[in-house]
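Observations on the model geometry
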Amino acid sequence: MTVYFLSDFGTADVFAGVVRAVLVRRAPGVRVVDLAHDLPPGDLRHAALQLYAAVPHLAEGGVVLAVVDPGVGSDRRALAVRGERLWYVLPDNGLLTLAAELDPPRAAWALEPRRFAPGPVSPTFHGRDLFAPAAAHLALGQPPDALGPRLDVGELVRLPLATAAGREGEVIAFDRFGNAISNLRPSQRPEAVHLAGRRIPFRTTFADVPEGEAVAYLGSSGLVEIAIRGGSLREKFKLFEGAAVSLHGPEEEPPPLELD
């Protein structure tokens, strides 16, 4: 069995390593694959997008341990969720919103640590004391009912976020290069993208435009992305998450604007 571990713990401290140690101790022989740990701290939109991008490539039956948890220690619920293909152990804070489009939840359980996690539970480190033991439990093939009571999957928290097959959408997040990732998954290749009052040509890859020019393309997760070849679009355009993005054909395009 494989546990796929995603967090915002970073790699400068021991947090991610300690969670891995708990997994290996409680489920000897389990494989742990680190998806990412340097996600923006507490950024649920960005984390939800990263989980969406990863899910299609994870082996069926695996356990996704996703710990981006700005509400740790509060009354937010901790979950084990059974999707069509994968298991998920994560806080009930909307982190699963986009991944649920690809792997719809079929059942959910509220984690009750007294049932499966002996010892105290730190109010600030549920990744170690709550989520890791639950993920190990599932990785060993143990029954989910031992983790806590069943929940209605319709009651799970969702972020106001979804992918869109139409022509109007928004920037969900930016990657570490400053490229904008939208929520648009077009059914047909557009001629251009409109963003921040600019017409940006739609191409196959960065190399299809000169250095320093903006380009839109279909990213590896199937969503429209916008970048500047060799630079940061976020810095150049001074963009924020939620910026409107639209796809259009040539007859609808305004004159292109030059970059500042």
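We now turn to the structure provided with this report. (Residues numbered from 1 in each chain as written. Predicted model: local features only at pLDDT ≥ 70, side-chain atom pairs only at ≥ 80, totals over all residues. Heavy atoms only, no water.)

This paragraph deals with helix α5 (residues 126–139). Here α5 contains 14 residues, and its C-alpha end-to-end distance of 18 Å stays within 8% of the 20 Å for a straight helix at 1.5 Å per residue. Approximately 30° is the largest bend angle found in α5, and it occurs at A132, with the proline P133 only one to four residues beyond. The buried fraction of α5 amounts to 13 of the 14 residues, a majority that puts the element mostly inside the structure. (Helix = DSSP H or I, 4+ residues; strand = E, 2+ residues; numbered from the N terminus. Expected span 1.5 Å × (residues − 1). Bend = angle between axes of the 7 residues up to and from the residue. Buried < 20%, exposed > 50% of the residue type's maximum accessible area, 1.4 Å probe, protein only.)

Looking at the largest pocket, its volume works out to about 340 Å³. Considering only residue class, the lining of the largest pocket consists of six nonpolar, five polar and five charged. (1 Å grid on protein atoms, 1.4 Å probe; cavity = no way out; pocket = protein on both sides within 12 Å on 5 of 7 lines; lining within 4 Å. Points joined across faces, edges and corners; volume = space filled by probe spheres on them. Nonpolar A, V, L, I, M, F, W, Y, C, P; charged D, E, K, R; others polar.)

What follows concerns the pattern of salt bridges. Pairs can form between side chains of opposite charge whenever their charged atoms are close. On inspection of all chains with the given rule, the structure shows eleven salt bridges. A salt bridge links R128 to D129; the nearest nitrogen and oxygen atoms lie 2.6 Å apart. A relative accessible area of 13% places D129 in the buried class. Here R229 makes a salt bridge to E211, at a shortest N to O gap of 3.6 Å. In this pair, R229 sits in the loop between β13 (224–228) and α6 (233–237) while E211 sits in the loop between β11 (198–201) and β12 (214–218), placing the two residues 18 residues apart along the sequence. On the accessibility criterion, E211 (57% relative accessible area) is exposed. Through salt bridges with shared partners, a single ionic network connects R45, E170 and E241. (Salt bridge = Lys/Arg side-chain N within 4 Å of Asp/Glu carboxyl O.)

With that settled, the discussion passes to the sheet that holds β13. Strand order in the open sheet made by the seven strands is β11-β10-β14-β8-β9-β13-β12, with antiparallel pairing throughout. Looking at which strands have only one partner, the edges of the open sheet turn out to be β11 and β12. Each strand axis lies, on average, 30° off the axis of its neighbour in the sheet, ignoring direction. As paired strands, strand β10 (residues 192–195) and β11 are joined by four bridges and run antiparallel to one another. Its bridge partner lying in β11, L195 is registered against R198. Sheet strands in contact with helix α2 (residues 44–54) are β8 (168–174) and β9 (180–182), and its direction is about 95° off that of β8. (Pairing = 2+ DSSP bridges. Axes fitted to C-alpha atoms, helices over the stretch in contact; angles between N-to-C directions. Contact = heavy atoms within 4.5 Å.)

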